[in-house]
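Close look at the chain arrangement
Each chain, written out:
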Amino acid sequence: MDNRQEETLDPDDWAEARTVAHEIVEFAVGHLGGVRDRPVWQEMPPEVRAAFDRPLPEGPTPLTDVFREAAGTLLRYPMGNIHPRFWGWYMGAGNFTGALADFLAAIDGSNLGGGNTAAAAVDRQVVGWLKAMMGFPDSASGTLTSGGSMANMVALTVARNAMAGVDVRRDGVTSLPQPLRFYASDQAHSCHQKAIETLGLGSRALRLVATDGDFRMNLAALEAAIAEDRAAGWRPACVIATAGTTNTGALDDLRAIEAICRREGLWFHVDGCIGALIRIAPRNHALVDGIEAADSIALDPHKWLHAPFEAGCALVRDRDRHFNTFTLHGDYLEEKPRGLASGEFLADYGFELSRGFKALKIWMSLKEQGVEKFGRLIDQNIAQGAYLTRLIVAEPSLELMAPTAINIVCFRYRGAGGDEAQLKALNTEIMLRLQEAGTAVPSDTTVHGRHCLRVAINNHRTRTEDLELLVREVLRIGAELAA
Ligand SMILES: *Cc1c(COP(=O)(O)O)cnc(C)c1O
């Protein structure tokens, strides 16, 4: 204890702080180590919810008590994506090293907007590693973002400025001589429409191209759309290919789309939030052949690298275009030849100035595991997708609803049959019961107009027996509901 007048947020007693920190580590190890034995998800009881209505704390509470409250209530009701039987929507399962790294990153405290720091060097190194994974040249640029939505937004902003034909930064979108048109399949992620709206182009600037029976972009339809738009006075600007769609995991034909982009003079962007990292998978990498030729790629380390949230990444082949889209320094942000403000500012490659040290969780887990292990885990999930598909196909009361391209399986319980509305109600109820029992978390979707359950196995903890359990439970609940 010292008796200075000034206050600080530092602990009064570092020895006591160490004890609490050890208690937190003990809890964390037990919590993660025991995840398989807990329900995937649980509804919060009313008394837990009531705790969140308590007012702003005016005075202090010992950290031990604050931590125990957190551990006893809110940490018991998570989303569940760290659980081996979480397959909802599309997320990574996190990893322990990444969690330790997030703690260390906060202790380091660096702001990654720029600066001559080791943290900034790690950020550049991780972006360099991601470029290497994608087969991008050293001369390309990149930036770590909060996630894939922001990574796509960064890339589409560069594409807009590159294809505008005017200085959009100075003159704005109202100066565009022709309206720009972007193309993506009807299976593309909703973040693209949000990005294009935010870029001031209007959602009409995104033209959705029909998909075939495999949910891949129909290339003849793409070419026809480009020709029709040119004739109607649009300026075709960019094709957004999806490497792994969110609905079904379908992979657009990257090589063919690249050829169309080169012939037509369009920007070739790949939304690889799901599938880009397949490029490091020894058995399946050919599925994303051609991604290395993209003008820009969005990928998501918080999906198949299992970085704890958040971590996305935008890569751009033409560093100057990327830099020129975002560089701007206030009077208070002058670069200097030496000292802390020397070297390139990372903030010159995106919208955000203050940036967290999210590179460290990727850096530490890549070093610890090696990239080959991550590649094998991707193959493992794809093999599990194929295995689950076989279980479904072999079961007469289940129906596969889309071809399984990678690790996303769309199916439904059909039982004795029924119309689409009845089957939707039945399958929704099956899903809700699985979630409420804490057995498993699938989500649902609608593919080409038909509702189904959706299992996205982006999870390094999932085992074959978990998938077998899922099928057994779907059949059991389905039969019970049908009776
Ligand atoms: C997840 C996903 C996104 C959005 O990424 P976030 O990290 O959730 O912001 C974009 N596109 C595809 C194909 C995705 O699967």
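Residues numbered from 1 in each chain as written. Predicted model: local features only at pLDDT ≥ 70, side-chain atom pairs only at ≥ 80, totals over all residues. Heavy atoms only, no water.

Considering the overall build of the protein chain
As a reminder of what qualifies: Put simply, DSSP H or I for four residues or longer makes a helix, DSSP E for two residues or longer makes a strand, and each gets a number counted from the N terminus. In this description the radius of gyration comes from C-alpha coordinates, and the expected globular size is given by 2.2 Å times residues to the power 0.38. Here's how the labels work: a residue is buried when its accessible area is under 20% of the maximum for its type, exposed when over 50%, partly exposed in between, all with a 1.4 Å probe on protein chains only. Contacts: residue pairs with any heavy atoms within 4.5 Å of one another. The protein chains shown are the only cover counted for residues, whose accessible areas, like all others here, come from Shrake-Rupley with a 1.4 Å probe. Asp and Glu are treated as the negative residues and Lys and Arg as the positive ones, with His and the ends of the chain left uncounted. Note on charges: their place is set at NZ of Lys, CZ of Arg, CG of Asp or CD of Glu.
Tallying secondary structure elements over the protein chain gives 16 helices and 11 strands in all. The C-alpha atoms of the protein chain give a radius of gyration of 24 Å, which matches the 23 Å a tight globule of 483 residues would have. Here the C-alpha coordinates of the protein chain stretch approximately 80 × 75 × 45 Å along the principal axes. Taken across its 483 residues, the protein chain has 49% of its residues classed as buried. Within the protein chain, contacts between residues at least 6 apart in sequence are counted, and of these 73% link residues at least 24 apart. For the protein chain, the exposed surface amounts to about 22800 Å²; the carbon and sulfur share of it is 53%. Mean positive and mean negative side-chain charge positions of the protein chain (49 and 62 charges, respectively) differ by 5 Å.

With respect to the sheet that holds strand β9 (residues 408-413)
Our working rule: Two strands qualify as a pair provided DSSP detects at least 2 bridges between them. Fitting a line to C-alpha atoms yields each axis, with helices limited to the stretch in contact; the angle taken between N-to-C directions then spans 0 to 180 degrees.
The sheet built from four strands is open, its strands ordered β8-β9-β11-β10 with antiparallel pairing. Looking at strand neighbours, the two that pair on one side only are β8 (398-400) and β10 (443-447), the edges of this open sheet. Each strand axis lies, on average, 45° off the axis of its neighbour in the sheet, ignoring direction. Note: β8 against β9, three bridges, orientation antiparallel. Residue pairing in the sheet places E399 in a bridge with R412 of β9. Along the sheet face, helix α16 (residues 464-482) touches β8, β9 and β11 (450-456) and points at about 25° away from the line of β9.

Structural notes on the pairing of strand β5 (residues 267-271)
Worth spelling out the cut-off: Call a crossover right-handed when, viewed with both strands pointing away from you, the route from the first strand across the helix to the second goes clockwise.
Taking burial as the measure, the five residues of β5 include five buried ones, the bulk of the element. Of the two faces of β5, the one lined by W267, H269 and D271 and the one lined by F268 and V270 are each fully buried. One ladder, built from five bridges, connects strand β4 (residues 235-242) with β5; its direction is parallel. Bridge pairing in β5 places A241 opposite V270. In this fold, β4 hands off to helix α10 (residues 254-264), which returns the chain to β5; that crossover is right-handed. Of the pairings in the sheet, the one linking β5 to strand β6 (residues 296-299) comprises three bridges and is parallel in character. Bridging from a neighbouring strand, V270 pairs with I297 of β6.

Observations concerning the sheet that holds strand β2 (residues 180-185)
Reading across from one edge, β1-β7-β6-β5-β4-β2-β3 is the order of the seven strands in this open sheet, with mixed pairing throughout. What marks the edges here is a single partner per strand, and that holds for β1 (141-145) and β3 (206-209). Here the average twist between neighbouring strands, direction ignored, is 20°. As paired elements, β2 and β4 share five bridges and run parallel to each other. By the bridge assignment, Y183 is partnered in β4 with V239.

Side note on the site of the ligand
In plain terms, the rule: A molecule or strand has a residue near it when one of that residue's heavy atoms lies within 4 Å. Under the rule applied, a polar contact is a pair of N or O atoms within 3.5 Å (in protein, one hydrogen donor and one hydrogen acceptor; residues adjacent in sequence only if both atoms are side-chain atoms).
For the ligand, the set of nearby residues contains 14 residues, the closest of which are G148, S149, D271, D300 and K303. H302 is positioned with one of its side-chain polar atoms (N or O) 2.7 Å from an oxygen atom of the ligand. Burial of the ligand by the surrounding chains reaches 86%, relative to a free accessible area of 380 Å². Contributing elements (two or more residues each) for the shell around the ligand: α6 (148-163) and α11 (301-304). Top element by residues in the shell around the ligand is α6. It accounts for three residues.

Overview of the domain arrangement of the protein chain
The condition that has to hold: The split of the chain into domains comes from an automatic or database domain assignment.
Split into domains, the protein chain comes out as domain 1 (14-40 + 42-77), domain 2 (101-370) and domain 3 (372-482). Between domain 1 and domain 2, the C-alpha centre-to-centre distance is 37 Å.

Examining α6
We count it as follows: The span you would expect from a helix comes to 1.5 Å times its residue count less one.
Given a rise of 1.5 Å per residue, 16 residues ought to cover 22 Å, and the 22 Å separating the end C-alpha atoms of α6 matches this to within 8%. G165, located one to two residues past α6, shows a positive phi value of around 80°.

Observations regarding the pattern of salt bridges
The condition that has to hold: We define a salt bridge as a side-chain nitrogen of Lys or Arg found within 4 Å of a carboxyl oxygen belonging to Asp or Glu.
All chains considered together, the criterion is met by 30 salt bridges. Among the salt bridges present, the one from R463 reaches E465, with a minimum N-O distance of 3.6 Å. Take R463: its relative accessible area is 41%, and that puts it in the partly exposed class. It is possible to trace a salt-bridge network through shared partners that takes in E399, R412, R414, E420 and R450.

Focus: the packing of helix α5 (residues 118-134) against helix α13 (residues 359-369)
As a reminder of what qualifies: We call two directions roughly parallel when the angle between them is under 35 degrees, roughly antiparallel when it is over 145, roughly perpendicular when it lies between 65 and 115, and oblique otherwise. The sense of a crossing depends on the near helix, which, turned anticlockwise from the far helix by less than a right angle, makes the crossing left-handed and, turned clockwise, makes it right-handed. Gly is placed with the polar residues, together with every amino acid not listed as nonpolar (Ala, Val, Leu, Ile, Met, Phe, Trp, Tyr, Cys and Pro) or charged (Asp, Glu, Lys and Arg).
Contact geometry of α5 with α13 gives a least axis separation of 9 Å together with a crossing angle of 60°. When the axes of α5 and α13 are compared, the pair comes out oblique. Relative to α13, the crossing made by α5 is left-handed. Mapping the contact onto sequence places V122, D123, Q125, V126, W129 and M133 in α5 and A359, L360, I362, W363, L366 and K367 in α13. Partitioned by chemical class, the residues of the contact of α5 with α13 number nine nonpolar, one polar and two charged.

Brief notes about the packing of aromatic side chains
Selection criterion: Geometry of aromatic contacts follows a simple scheme: Phe, Tyr and Trp rings, the Trp one being its six-membered ring, pair when their centres are within 6.5 Å, and the pair is stacked under 30 degrees between planes, edge-to-face over 60, tilted otherwise. Only Lys NZ and Arg CZ are tested; either one counts as a charge over a ring when it is within 6 Å of the ring centre and within 35 degrees of the ring normal.
Under the definition given, this model contains four aromatic pairs. A ring pair is formed by F27 and F67, whose centres lie 5.6 Å apart and whose planes are at 80°; its orientation type is edge-to-face. Separated by 40 residues along the polypeptide, F27 in helix α1 (residues 14-33) and F67 in helix α3 (residues 63-72) bring together distant segments of the chain. We classify F27 as partly exposed; its relative accessible area is 25%. Relative to W304, the ring of Y90 lies with its centre 6.5 Å away and its plane at 90°, an arrangement referred to as edge-to-face. A residue pair is termed long-range when its members are at least 10 positions apart, and Y90 in the loop between α3 and α4 (96-108) and W304 in helix α11 qualify at 214 residues. On the basis of relative accessibility, which here comes to 1%, the residue W304 falls in the buried class. The lysine or arginine in question, R181, covers the ring of W234, its NZ or CZ lying 3.6 Å from the ring centre.

With respect to the nonpolar core
Rules: Among buried residues, those of type Ala, Val, Leu, Ile, Met, Phe, Trp, Tyr and Cys that are joined through side-chain atoms within 4.5 Å constitute a nonpolar core.
Formed by 68 residues in total, the largest nonpolar core has its most connected members in M134, L277, I278, I297 and L299. Examining the composition of this core, we find that eight residues originate from one element, α5, more than from any other. Both of domain 2 (101-370) and domain 3 (372-482) provide at least three residues apiece to this core. Among all residues touching L299, those that are not within four sequence positions of it are L130, M134, A151, G272, C273, A276, L277, G312, C313 and L315. Listed in part, the 30 residues of the second largest apolar core include L201, A237, W267 and C273.

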